[in-house]
Amino acid sequence: MKINIRKELSGILKIGFILSENLKVSKTPDELKSMIYELCEDIKKKYSKSSPSSIKGLEEAREIYKKIGIDPTKDRPSSEALFRRALRDQFPFINSLVDTINFCSLTFLLPYGLYDSEKIKDSIEIRIGKEGDEYETIGKGRINLEGKIAVCDELGPFGNPSADSKRASVSIDTKGSLTLIFFRNKESPESVSTILNFTESMISRFHPESKTILSGVVE
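The text that follows walks through the structure, step by step, so that each part is easy to find. (Residues numbered from 1 in each chain as written. Predicted model: local features only at pLDDT ≥ 70, side-chain atom pairs only at ≥ 80, totals over all residues. Heavy atoms only, no water.)

## Topic: the sheet that holds strand 1 (residues 3-5)
Selection criterion: Here a strand pair is declared whenever DSSP counts at least two bridges between the two strands. Only DSSP runs of H or I with at least four residues qualify as helices, and only runs of E with at least two residues qualify as strands; both kinds are numbered from the N terminus onward. Interaxial angles span 0 to 180 degrees and are taken between N-to-C directions of axes, which are lines fitted to C-alpha atoms, for helices over the stretch in contact.
In spatial order, the strands read 1-4-7-8; together these 4 strands make up an open sheet with mixed pairing. Each edge of the sheet is formed by a strand with only one pairing partner; in this case those strands are strand 1 and strand 8 (156-159). Between one strand and the next, the sheet's axes are offset by a mean angle of 35 degrees, whatever the strand orientation. Bridge analysis of strand 4 (residues 124-128) against strand 7 (residues 149-153) gives 4 bridges, and the strand direction is antiparallel. Looking across to strand 7, one finds that Arg127 is bridged to Ala150.

Next up, the structure:
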């Protein structure tokens, strides 16, 4: 699977990716639920009186949005939306894989994308959305991607750091997945490596049969 970032986003973001196979997705394990509850409590204690614009991770995602002309207070990165739900005790448990990735997103407060790799057609291009780019999201209706970050395959857009598509969504039946992490371009290689390794280890921890077949960074 080839992943390419178009020139208009070069210098603005870099993408970490993990391609996994042999997954056995299940209901969210109790151990993972406990970890998420504990993390949500930590977030409430640490950030309940903080502005998202001053919090590391959320601040970086907002910076990416502002650089391409998006108001992050109106079109929130998925990490900030998840953060706000954690503050309100409204964390949405879905399944073992989705909640593993949501745990990672909450840990680093960065936007992640999670997709069923068997529903993606050939190479992937990450670009600015053009007129007519849109898709049905998971629970949020249709999203217009014009002027926004669009993760695309040969069939068109299927991902965005605010809301992923129903077309490439993960379910209990998912056997292979693609995880994307949206970093600022200036994020240090050490930080990117640490976050990628942590994410990969969490996928393996709650899906011990799984295998990482490809991982890395695209700039």
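We are not done yet, so read on.
## Focus on the nonpolar core
Just so we agree on the cut-off: As used in this record, nonpolar core signifies buried Ala, Val, Leu, Ile, Met, Phe, Trp, Tyr and Cys residues forming a set joined through side-chain atoms within 4.5 Å. Under the scheme applied here, a residue whose accessible area is under 20% of the maximum for its type counts as buried, over 50% as exposed, and between as partly exposed, the area being computed with a 1.4 Å probe on protein chains only. Contact definition: two residues touch when any of their heavy atoms are within 4.5 Å.
Core analysis: the largest hydrophobic core is formed by 35 residues, its most contacted members being Phe83, Leu97, Phe103, Leu106, Leu109, Tyr112 and Ile181. For this core, the secondary structure elements donating two or more residues are helix 1 (30-47), helix 3 (78-87), helix 4 (96-108), strand 3 (112-116), strand 9 (177-184) and helix 5 (189-206). The element contributing the most residues to this core is helix 1, with 7 residues. Leaving out residues up to four positions away in the same chain, Leu97 has contacts with Leu23, Val25, Leu114, Val170, Ser177, Ile203 and His207. One finds Leu13, Ile126, Phe158 and Val218 within the second-largest nonpolar core, a separate group that totals 24 residues.

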